[in-house]
Amino acid sequence: ETQPLMVMEFLHRVFEIFEEYFGSVEETSIKENFSTVYQLLEEMMDYGYPLTTEPNALKAMIKPTTMISRLTSATMGGSNVSDV
């Protein structure tokens, strides 16, 4: 059984992380950055339990997208996952 406050805290953390990565949390920003959203959620949850929710740890694992990184990944086929 899951504690309701843990769910609320996790959703609040997700919102804060998305704000840091994308500037605003809107439908268009989520659609434009779908692969980053997927990678963030994958790192933040493991089998339904919160895992990594610290912004600095997530930024070390998944680089925030920039216009240059989007162009590079579109042309070279790369990803925004850290090489570390």
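Residues numbered from 1 in each chain as written. Predicted model: local features only at pLDDT ≥ 70, side-chain atom pairs only at ≥ 80, totals over all residues. Heavy atoms only, no water.

A. Geometry of the pattern of salt bridges. Across all of its chains, the model carries four salt bridges by this definition. For Glu9, the salt bridge is made with Arg13, and the minimal N-O distance between the two is 3.6 Å. With Glu9 and Arg13 both in helix 1 (residues 4–22) and four residues apart, the pair spans about one turn of that helix. With a closest N to O distance of 3.5 Å, Glu54 and Arg13 form a salt bridge. Of this pair, Glu54 sits in the loop between strand 2 (49–50) and helix 4 (55–61) while Arg13 sits in helix 1, placing them 41 residues apart in sequence. A residue is classified by how much of its surface remains accessible, and Glu54, at 44% relative accessible area, is partly exposed. Under the relative-accessibility criterion, Arg13 is labelled partly exposed at 21%. Here the residues in one salt-bridge network are Glu9, Arg13 and Glu54, joined through shared partners. (Salt bridge = Lys/Arg side-chain N within 4 Å of Asp/Glu carboxyl O. Helix = DSSP H or I, 4+ residues; strand = E, 2+ residues; numbered from the N terminus. Buried < 20%, exposed > 50% of the residue type's maximum accessible area, 1.4 Å probe, protein only.)

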